[in-house]
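# Working through the structure, step by step
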Amino acid sequence: MEKYNRAFIINGKDVAARLRAELKKEVVLLREKYSITPGLAVVLIGENPASKVYVRNKARGCEEVGITSIQHTLPEGASQSELLALIARLNGAKDVHGILVQLPLPKQIDPETVIEAIAPEKDVDGFHPYNMGRLMAGIPVLQPCTPYGVMKLLEAIDFKVDGKDAVIIGRSNIVGKPMAMMLLKKNATVTVCHSKTAYLPDKVRAADIVVAAIGREKFVKGDWIKEGAVVIDVGINRAKDGGLAGDVDFEEASLRAAYITPVPGGVGPMTITMLLANTVQAAKSQLIPLA
Ligand code: GUN
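Residues numbered from 1 in each chain as written. Predicted model: local features only at pLDDT ≥ 70, side-chain atom pairs only at ≥ 80, totals over all residues. Heavy atoms only, no water.

## Here's the deal with a nonpolar patch on the surface
Going by this rule: The patches described consist of residues with a relative accessible area above 30% and no salt bridge, like charges being joined within 9 Å and nonpolar side chains (Val, Leu, Ile, Met, Phe, Trp, Tyr) within 5 Å. Note that accessible areas follow from Shrake-Rupley with a 1.4 Å probe, and for residues the cover is restricted to the protein chains shown. Put simply, a salt bridge is a Lys or Arg side-chain nitrogen that is within 4 Å of an Asp or Glu carboxyl oxygen. Numbering of helices and strands runs from the N terminus; a helix is a DSSP stretch of H or I covering at least four residues, while a strand is a stretch of E covering at least two.
Residues Y54, I236 and L244 make up a contiguous nonpolar surface patch of roughly 280 Å² in combined accessible area. Within the secondary structure, I236 is located in the loop between β8 (230-233) and β9 (237-238).

In structure tokens:
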């Protein structure tokens, strides 16, 4: 077996910290110049333990950069119309610039209806069909946080996407599909793979950029990785040993990749950071020009 060097490990915590420091300055400027403080409303329905952790981390992130976060909690049994009434109120609230409804939702509530009820200019998740359509048309406004964070990681390592072959594993509306649009906008040639894809290892072997968003521990094997590729692991899986594990076999893949993200500490810290960035951007876009 040939001996390979180890990949450079992309430190998502460092990149996130740098971006948060910039956001903090922007928040100060917004307050000084326009007397506004960006506000994020986070809506949690029910008791999903993972959702509670995410919501708590979002509130902490807001505090760190000076965004006001307001949490609204509805009981597990809340009706769709109750939730829609809350969203309508938040859509009209002047001090709320971003609205995030934590997913997944209890089964009596239809997520598409809820997402479409959020005012597009406050849709800091970038999930509203208006924002998805803008992204697909190549004129994005608010972009989904996780793939947006991945683009920032590629920027941080100064990786030139132009002309590269990208393989995305996973086709969700939250990660896979918007990721494809963002890479395409940067002139990558993009292949979106999923559970029915034939000859997946061979497709991954052809990729200069691999984005794994499957949700299965160590699904992507080291020998699928082309030498010198960039490997971005979006997976957050509960490992057998109780820790967190990504979708990529990190140990094996890091012997072949040029760059790789760890789990935890790679893409994870970027997701909330881009939510904060979207909230600041939303607040700016809602500034009423002074006459
Ligand atoms: N649940 C898991 N990821 C997300 C996300 O990015 N946004 C929302 N709203 N809910 C989620």
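Moving on from the model shown.
## A few points about the site of the ligand
To keep things clear, this is the line we draw: A single heavy atom is enough: if one lies within 4 Å of a molecule or strand, its residue is considered near that molecule or strand. Whenever two N or O atoms come within 3.5 Å, that pair is a polar contact, provided that in protein one can donate a hydrogen and the other can accept it, and provided that, for residues adjacent in sequence, both atoms are side-chain atoms. Lining residues are those with an atom within 4 Å of a point, where the points come from a 1 Å grid over the protein atoms alone and group into cavities, where a 1.4 Å probe fits but cannot get out, or pockets, open sets with protein on both sides within 12 Å along at least five of seven lines. To decide whether a molecule occupies a pocket or cavity, check its atoms: if more than half lie within 2 Å of the grid points, it is inside. As a working rule, the residues Ala, Val, Leu, Ile, Met, Phe, Trp, Tyr, Cys and Pro are called nonpolar, Asp, Glu, Lys and Arg charged, and the rest polar, with Gly in that last group.
The local shell around the ligand consists of L100, V101, Q102, L103, D125 and F127. For the ligand, a nitrogen atom lies 2.8 Å from a polar atom in the backbone of V101. Across the complex, the protein chains shield 81% of the 280 Å² of accessible surface that the ligand would expose by itself. Judged by its atoms lying within 2 Å of the grid points, the ligand is housed in the largest pocket. Among the residues making up the shell around the ligand, the classes are represented as four nonpolar, one polar and one charged.

## Here we look at the environment of S69
The test is simple: Here, two residues are considered to be in contact whenever any of their heavy atoms come within 4.5 Å of each other.
Within the fold, S69 resides in strand β3 (residues 68-74). Note: C-alpha distance between S69 and A41 (28 residues apart in sequence) is 5.8 Å. With near-sequence residues (within four places) excluded, S69 lies in contact with L40, A59 and C62.

## Side note on the packing of helix α1 (residues 12-34) against helix α10 (residues 268-285)
Packed helices, taken two at a time, are described by the angle their axes make and the gap between the axes. The condition is simple: Only the stretch in contact is used when fitting a helix axis, every axis being a line fitted to C-alpha atoms; angles between N-to-C directions are given from 0 to 180 degrees. Our angle categories are set so that under 35 degrees counts as roughly parallel, over 145 as roughly antiparallel, 65 to 115 as roughly perpendicular, and the remainder as oblique. Note on convention: near helix rotated counterclockwise from far helix by under a right angle means a left-handed crossing. Clockwise means right-handed.
Contact geometry of α1 with α10 gives a least axis separation of 9 Å together with a crossing angle of 20°. By the angle between their directions, the pair α1 and α10 is classed as roughly parallel. Relative to α10, the crossing made by α1 is left-handed. Along its contact with α1, which presents G12, K13, V15, A16, L19, R20, L23, E26, V27 and L30, the element α10 presents P269, M270, I272, T273, M274, L276, A277, V280 and K284. Considered class by class, the residues forming the contact of α1 with α10 number 13 nonpolar, two polar and four charged.

## Topic: the layout of surface pockets
Applied cut-off: Grid points are joined across faces, edges and corners, and a volume is the space filled by probe spheres set on the points.
In this structure, the largest pocket occupies an estimated 1100 Å³ of space. Around the largest pocket, the lining comprises 41 residues; the ones closest to its centre are Y54, Q102, T146, I236 and T271. Elements supplying a minimum of two residues to the lining of the largest pocket: α2 (49-65), β4 (98-101), α6 (145-156) and α10. In terms of residue count, the dominant contributor to the lining of the largest pocket is α2 (ten residues).

## Concerning empty space enclosed by the protein
In total, this model carries one cavity of 30 Å³ or more according to the counting rule given. There is about 50 Å³ of room inside the largest cavity. Per-class residue counts for the lining of the largest cavity are six nonpolar, no polar and two charged.

## Here we look at the pattern of salt bridges
The test is simple: Summary of the burial criterion: residues with accessible area below 20% of their type's maximum are buried, those above 50% are exposed, and those between are partly exposed, where the area comes from a 1.4 Å probe applied to protein chains only.
The final tally for this structure, using the stated rule, is nine salt bridges. Where E251 meets R6, a salt bridge forms, and the shortest distance between an N and an O atom there is 2.8 Å. Pair noted here: E251 is in helix α9 (residues 250-253) and R6 is in the segment before β1 (8-9), with a separation of 245 residues, a long-range link. Judged by relative accessible area, which is 49%, E251 ranks as partly exposed. Note on R6: relative accessible area 48%, which makes it partly exposed. The salt bridge involving E155 is made with K152; its shortest N-O contact spans 3.9 Å. Of this pair, E155 and K152 both sit in helix α6, three residues apart, roughly one helical turn. Its relative accessible area of 21% is what places K152 among the partly exposed residues. Within this structure, D202, R205 and D223 form a network of salt bridges that share partners.

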